[in-house]
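Below are the chains, spelled out letter by letter.
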Number of protein chains: 2
Amino acid sequence: MERKDNKENQIYAADIVSIREAQLRIAPYIHRTPVLTSTSLDFIAGKQLFFKCECFQKGGAFKIRGASNAVFSLEDGQAAKGVVTHSSGNHAAAVSLAAKLRGIPAYIVIPKNAPKCKVENVKRYGGQVIWSEATIQSRETVARKVQQETGAVLIHPFNDKNIISGQGTISLELLEQAPGIDTIVVPISGGGLISGVTLAAKALNPSIRVLAAEPKGADDAARSKAEGRIITLPETDTIADGLRAFLGELTWPVVRDLVDDIITVDDVEIIEAMRLCYEILKVAVEPSGAVGLAAVLSQRFKQSAAWNESSKIGIILSGGNVDLGVLWESFHR
Amino acid sequence: MERKDNKENQIYAADIVSIREAQLRIAPYIHRTPVLTSTSLDFIAGKQLFFKCECFQKGGAFKIRGASNAVFSLEDGQAAKGVVTHSSGNHAAAVSLAAKLRGIPAYIVIPKNAPKCKVENVKRYGGQVIWSEATIQSRETVARKVQQETGAVLIHPFNDKNIISGQGTISLELLEQAPGIDTIVVPISGGGLISGVTLAAKALNPSIRVLAAEPKGADDAARSKAEGRIITLPETDTIADGLRAFLGELTWPVVRDLVDDIITVDDVEIIEAMRLCYEILKVAVEPSGAVGLAAVLSQRFKQSAAWNESSKIGIILSGGNVDLGVLWESFHR
């Protein structure tokens, strides 16, 4: 009862109004990505699947949706000093690109262990790279320093209303492109993507089911949902380099109240999903982007109540920035 | 003058009527494939590019368009005995799939050097594999034998009105999806794809330019066009395994009269185009499928008259059936 009351009275960080505003604001800067289907993958999954291909998005991932919404929401005076962020890569490239489109500087703090292709993307879009150690602490400290020195505005990767609203625009497109879907499966990390997707989808269709897909080696969201409070982990260990962040205070309430379940998958399952995307869909999907398909194909999902109640499943392939060498080597582990 | 008269009086194997009929006939069996764009690739090419992604087509290549048109054009009596073809792979898989959809047997003669993933596709779609030697002669001899033994109808990979008409449906979609394009670049092998694409595109817009893209190691079409008669080669040597066939008597007149130019590219250029498709578009494109982008990026094209006259270029990414190992190894040659 307590949880239900909580849910009904809760005001979340974004809503259908802010998400529709985001859609108008970012339309000139993003791709409306296609939805692909595959009879072969439907057969393997035992369900009808609709792949929302954010790997074809500008910058190779969904992140430009939130980043362009945040950057183009700034007042001119604020914007002039530039923007700063810290990120393992896709958000960094997206902020660089959005800043370039607006004609303002972007200062990007990148941990030393970020994938090469993601760093290249940042440079390609004109972001100024500032290196940090791999820890969240180091990233945040370096970003704060840059912020103090330049006066740039921090664009948080997920714990931000504009970011969540921008990511939510995926649902507006997906439910138009594949109106019959009853379930959406979304990768979860800091929770910006799933919060936006969930708030938009449930506003349009309250009965739609939203499932989070999470790597076992970074299962803070699953643990948080099980315990009813934000849990962080001392360390993470997964091939999905984009899914190592922990929930924030703006994303947690959505995950707690509105995300129906969290399915965890191991790296072997993620790699197999990447392989199927490559071999059957012909789409390059990065590990973090393939986790949704991995969840749909998992035994855990097949044994859940949601399995019986799902027939048309939307899967968000959230990004495609994977070094080919990493892909090839992962297939031969 | 002689050539112009010839062109005006020539009746070609297919026309806009047969292509529109094909579109209606095959609609239930094929994907309407998306057109992708990329600011990064536009920048590299110096032109606005529109990628028609037939790698996302059923079976991973455009071939299902022609194959389903041919298979579903058969009378019931003819169809019952099944169909037979010989192919290096994509046409074979497409005929297998089309036959499966119609519920009839497919006998597929495959040369021993065909890529593994293409043979897997044939088996996945229920085609009965019959091996031949790699030569065209051996393929044709074995196919004839199967035909005699089973009574199956031969579905030629390109020298067939129904095949040409089916492939032409790509233009109907492309010109709807990207109405402003002034140039289409198409891989050429036996000429079925480019004949259909050219006949449809020029019927809709007579001023549209159609350029063929051909590997230097299998440049029979370029030689044929230069000499004004069908030239075949004693052997071919290219990574583009789908582009080793020679023009037929139905496709040659279209290439001779209506294709504006043929751009040849070497394997290094093809591999670089595959890499760009993978890294920037996030699309798995096989060597034969990447030859169009390779042509657009070539010096040969930049030095041609067509370069100055082109601004919006449609590129047909004709297929995506590439073993990941082949892709990886080709990048490290």
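Residues numbered from 1 in each chain as written. Chains lettered and ligands numbered in written order. Predicted model: local features only at pLDDT ≥ 70, side-chain atom pairs only at ≥ 80, totals over all residues. Heavy atoms only, no water.

Regarding the overall build of chain A
- Looking only at helices and strands, chain A features 17 helices and 10 strands.
- For chain A, the C-alpha radius of gyration of 18 Å lies close to 20 Å, the compact-globule estimate for 333 residues.
- Principal-axis analysis of the C-alpha atoms places the extent of chain A at approximately 55 × 50 × 40 Å.
- In chain A, which comprises 333 residues, the share counted as buried stands at 63%.
- A sequence separation of at least 24 residues applies to 74% of the contacts in chain A between residues at least 6 apart. (Helix = DSSP H or I, 4+ residues; strand = E, 2+ residues; numbered from the N terminus. Rg over C-alpha atoms; globule rule 2.2 N^0.38 Å. Buried < 20%, exposed > 50% of the residue type's maximum accessible area, 1.4 Å probe, protein only. Contact = heavy atoms within 4.5 Å.)

Description of the side chain of His91(A)
Residue and element names in this part refer to chain A.
- Locating His91 in the fold gives a position in helix H6 (residues 90-102).
- One polar contact links His91 to Thr85, side chain to side chain, over a distance of 3.1 Å.
- Sequence-distant contacts of His91, defined by excluding residues within four places in its chain, comprise Lys63, Thr85, Ile155, His156, Pro157 and Ile163. (Polar contact = N/O pair within 3.5 Å; in protein donor to acceptor, adjacent residues only side chain to side chain.)

Here's the deal with the environment of Cys55(A)
- Within the secondary structure layout, Cys55(A) lies in the loop between strand E2 (48-53) and helix H4 (63-73).
- Its relative accessible area of 1% is what places Cys55(A) among the buried residues.

Points about the pattern of salt bridges
Residues and elements named next belong to chain A.
- In the structure shown here, the tally under the stated rule is 34 salt bridges over all chains.
- Here Glu309 makes a salt bridge to Arg209, at a shortest N to O gap of 3.0 Å. Taken together, the residues Glu309 in helix H16 (residues 305-309) and Arg209 in strand E8 (residues 209-215) connect sequence positions 100 residues apart. (Salt bridge = Lys/Arg side-chain N within 4 Å of Asp/Glu carboxyl O.)

Focus: the environment of Phe51(A)
Residue and element names in this part refer to chain A.
- Structurally, Phe51 is set in strand E2.
- For Phe51, a relative accessible area of 0% translates into the label buried.
- Setting aside its immediate chain neighbours within four residues, Phe51 contacts Pro34, Val35, Leu36, Leu41, Leu281, Leu293, Ile315 and Leu317.

Points about the packing of helix H13 (residues 267-281) of chain B against helix H17 (residues 324-331) of chain B
Residue and element names in this part refer to chain B.
- Between H13 and H17, the least distance of the axes is 10 Å, while the angle of their chain directions is 115 degrees. Crossing of H13 against H17: the hand is left-handed. Side by side, H13 and H17 meet where Ile271, Met274, Arg275 and Tyr278 of the first sit next to Leu327, Ser330 and Phe331 of the second.
- Partitioned by chemical class, the residues of the contact of H13 with H17 number five nonpolar, one polar and one charged. (Axes fitted to C-alpha atoms, helices over the stretch in contact; angles between N-to-C directions. Left-handed = near helix turned anticlockwise from the far one by under 90°. Nonpolar A, V, L, I, M, F, W, Y, C, P; charged D, E, K, R; others polar.)

Topic: the pairing of strand E3 (residues 83-86) of chain A
Residues and elements named next belong to chain A.
- The side-chain alternation of E3 yields two buried faces, one formed by Val83 and Thr85 and the other by Val84 and His86.
- Sheet analysis places E3 next to strand E4 (residues 106-111), joined by four bridges and oriented parallel. Paired with His86 across the strands is Val109, a residue of E4.
- As paired strands, E3 and strand E6 (residues 153-154) are joined by two bridges and run parallel to one another. Pairing of Val84 across the sheet is with Leu154, part of E6. (Pairing = 2+ DSSP bridges.)

A look at the relation of the copies chain B and chain A
- The two copies are related by a screw motion: chain B maps onto chain A through a turn of 180 degrees and a shift of 0.0 Å along the axis, at an RMSD of 0.0 Å. The operation mapping one copy onto its partner corresponds to a two-fold rotation axis. Minimal C-alpha distance to the rotation axis in chain B is attained by Val283(B), lying at 2.4 Å.
- In this assembly, 96% of the residues forming the interface of chain B have copies in chain A that are likewise at the interface, indicating an isologous arrangement. (Least-squares fit on C-alpha atoms with pLDDT ≥ 70 in both.)

Topic: the interface of chain B and chain A
- Between chain B and chain A, the residue contacts involve 28 residues of the former and 27 residues of the latter.
- Overall, the association of chain B and chain A removes approximately 2,100 Å² of surface from exposure, summing both partners, and the carbon and sulfur fraction of that is 62%.
- The three residues of chain B that bury the most area against chain A are Tyr278(B), Lys282(B) and Leu324(B), which together make up 33% of that side's buried surface.
- Our count for the chain B to chain A interface comes out at 10 residue pairs in polar contact (both at pLDDT 80 or more).
- Broken down by secondary-structure element, the contributors of at least two residues to the side of chain B that touches chain A are helix H3 (39-45), H13 and H17 of chain B.
- Here the element with the most residues in the side of chain B that touches chain A is H17(B); it accounts for six residues. (Buried area = accessible area lost by both parts, 1.4 Å probe.)

Overview of the state of the cysteines
- Evaluated as defined, the whole model comprises zero disulfides over all chains.
- Note on Cys55(A): no disulfide assigned, nearest cysteine sulfur contributed by Cys53(A) at a separation of 4.7 Å. (Disulfide = S-S within 2.5 Å.)

As for the packing of H13(B) against helix H14 (residues 287-297) of chain B
All names here are of chain B.
- Contact pair H13 / H14: the axes reach a minimum separation of 7 Å and the direction vectors enclose 100 degrees. Taken together, H13 and H14 sit at an angle that is classed as roughly perpendicular. Residue-level contacts link Glu269, Ile270, Ala273, Met274, Leu276 and Cys277 of H13 to Pro287, Ala290, Val291, Leu293, Ala294 and Leu297 of H14.
- In the contact of H13 with H14, the residues fall into 11 nonpolar, no polar and one charged. (Parallel < 35°, antiparallel > 145°, perpendicular 65-115°, else oblique.)

So, unusual backbone geometry
- Of note, Lys282(A) is a non-glycine position whose phi angle comes to about 65 degrees, a positive value.
- Here Lys282(A) falls in the buried class, since its relative accessible area comes to 5%.

What about the domain arrangement of chain A?
Residue and element names in this part refer to chain A.
- Segmentation of chain A into domains returns domain 1 (2-62 + 160-331) and domain 2 (63-154).
- Between the C-alpha centres of domain 1 and domain 2 there is a distance of 23 Å.
- Interface area, domain 1 with domain 2, both sides summed: about 2,100 Å², of which 53% is carbon and sulfur.
- Linking Arg65 and Glu54 is a salt bridge whose minimum nitrogen-to-oxygen distance equals 2.6 Å.
- Where domain 1 packs against domain 2, one counts 16 residue pairs in polar contact (both at pLDDT 80 or more).
- If one sorts the elements of the side of domain 1 that touches domain 2 by residue count, helix H9 (residues 161-177) sits on top with eight residues.
- Grouping the constituent residues of the side of domain 1 that touches domain 2 by class yields nine nonpolar, 11 polar and nine charged. (Domains from an automatic or database assignment.)

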